[in-house]
Amino acid sequence: MAACMCGAKPVNVIFDTDMGNDVDDALALVMLYAFRESGECNLKGILINKDNPYAPVYTDIIAKYYGADSVPMGMVEDGVTKDPGLFVEKISEEKNADGSYKYARNMDPQTKLPSAVKLARKIMSESEDGGLVYISVGFSTNLAAIFRSGPDELSPLNGLELFKKKVKYVSLMAGNFSRPVLDDPYSVAPEFNVGCDKPSAKFVYETCPVPMVFNGFEIGLLAEFPNRVVAEELPNENPLVESFRLYTNGSDRPTWDLISVLYVFRPGMFGLSENGLITSSDSGHTFYKADSDGNRRFLKTPDKETAEKIKAELVRLCTYKK
Ligand SMILES: [Ca+2]
């Protein structure tokens, strides 16, 4: 695989995650490290949109384990989901018998990180035009704040102008675009990433100045990440192993966030809807309307055979040997 990528330019990525609300964010991040290793990805920054101080600490632990802790991180301001969830605090606080931390890290919950907006503006101001792909696998809190940001010492452009100039497209996990839900959006509860920060989602889907590719709730359900692979194929000292156990209690887990990463690097594995408009309501439900002038699309539900291929590729990437 690496050989056929020779000469191809790596994709410059900003990764925006609610790390800690589900274990798929951690697996999605490991995929980015796999693509970094194969020369396909240049991970420019990680933005945290879960507003708990252990979210960045845990992210740093994963980064350090994979030797990628030089990637800068930015933190959400006034974000949602302030609870630690099931694993980020536990993994961060776990100690050895001698009192040292079980998992190495460069920071603690008191470490002051730049705001996600500042870091995003810095990365964008240093990027070539159209040179970035933005992957969003949590809430739209940071995106909304970036869009609303004004000119600063980093760029005379406001957030929307800067984003339009520097970002090629957004790949995001959000909403639900299965056939029955497209026909009756109110038949299901709002998807988590939309429902937790409804005003930001609504604003971002309406105003995002570049194309957006939505990966709906229905896709990740079709390719569950096998618990067996994590338990048996990853070394025990990998923090993912314990995280997966704490979160899933031994079950397989849908690959929601992993799909949005995979699309960026393996677009040929997915079918896309026609261009259209995607909006969300005050209630957090998502709507699609075909429109040749629109630049929002969603991933089509893959058939069973394709879903198996997607799953195999996700497993291969998440078990790469660093
Ligand atoms: Ca997530």
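Residues numbered from 1 in each chain as written. Predicted model: local features only at pLDDT ≥ 70, side-chain atom pairs only at ≥ 80, totals over all residues. Heavy atoms only, no water.

So, the coordination of the calcium ion: which residues are in play, and what are the values?
Put simply, the ideal angle at a metal is 109.5 degrees for four donors in tetrahedral geometry and 90 or 180 degrees for six donors in octahedral geometry. Taken together, D18 (OD), D25 (OD), D25 (OD), V137 (O) and D257 (OD) make up the protein donors of the calcium ion, found 2.3 to 2.5 Å from the metal. Mapped onto the polypeptide sequence, the residues donating to the calcium ion form the spacing pattern D-x6-D-x111-V-x119-D. Note that D25 is positioned in helix α1 (residues 24-37) and D257 in helix α13 (residues 256-265), a separation of 232 residues in sequence. Accessibility classification places D25 together with D257 in one group, the buried group. (Donors = N, O, S within 2.8 Å, 3.2 Å for Na, K, Ca; no water. Helix = DSSP H or I, 4+ residues; strand = E, 2+ residues; numbered from the N terminus. Buried < 20%, exposed > 50% of the residue type's maximum accessible area, 1.4 Å probe, protein only.)

I'd like to hear about the pairing of strand β4 (residues 132-136), residue by residue, with values.
Summarising burial for β4: five of the five residues are buried, a large majority. Burial of the side chains of β4 extends over both faces: L132, Y134 and S136 are buried on one face and V133 and I135 on the other. Across five bridges, the pairing between β4 and strand β5 (residues 167-173) is parallel. Across the sheet, residue V133 finds its bridge partner in β5, namely Y169. (Pairing = 2+ DSSP bridges.)

For the pairing of strand β3 (residues 73-80), give the residues involved together with the corresponding values.
Sheet topology places strand β2 (residues 41-50) next to β3; four bridges connect them, and they run parallel. Of the residues in β3, the one forming a bridge with I48 is M75. Following the chain from β2 across helix α2 (residues 54-65) to the adjacent parallel β3, one finds a crossover that is right-handed. (Right-handed = clockwise from strand over helix to strand, strands pointing away.)

Let's hear about unusual backbone geometry: which residues, and what values?
Residues other than glycine seldom take positive phi values, yet T81 does so here, at roughly 50°. Relative to the helices and strands, T81 resides in the loop between β3 and α3 (88-93). According to the relative accessible area criterion, T81 is buried, its value standing at 18%. Its identity as a non-glycine residue notwithstanding, N249 has a phi of 55°, on the positive side. With respect to the element layout, N249 can be found in the loop between α12 (239-248) and α13.

Read these as spatial facts, not as claims about activity.
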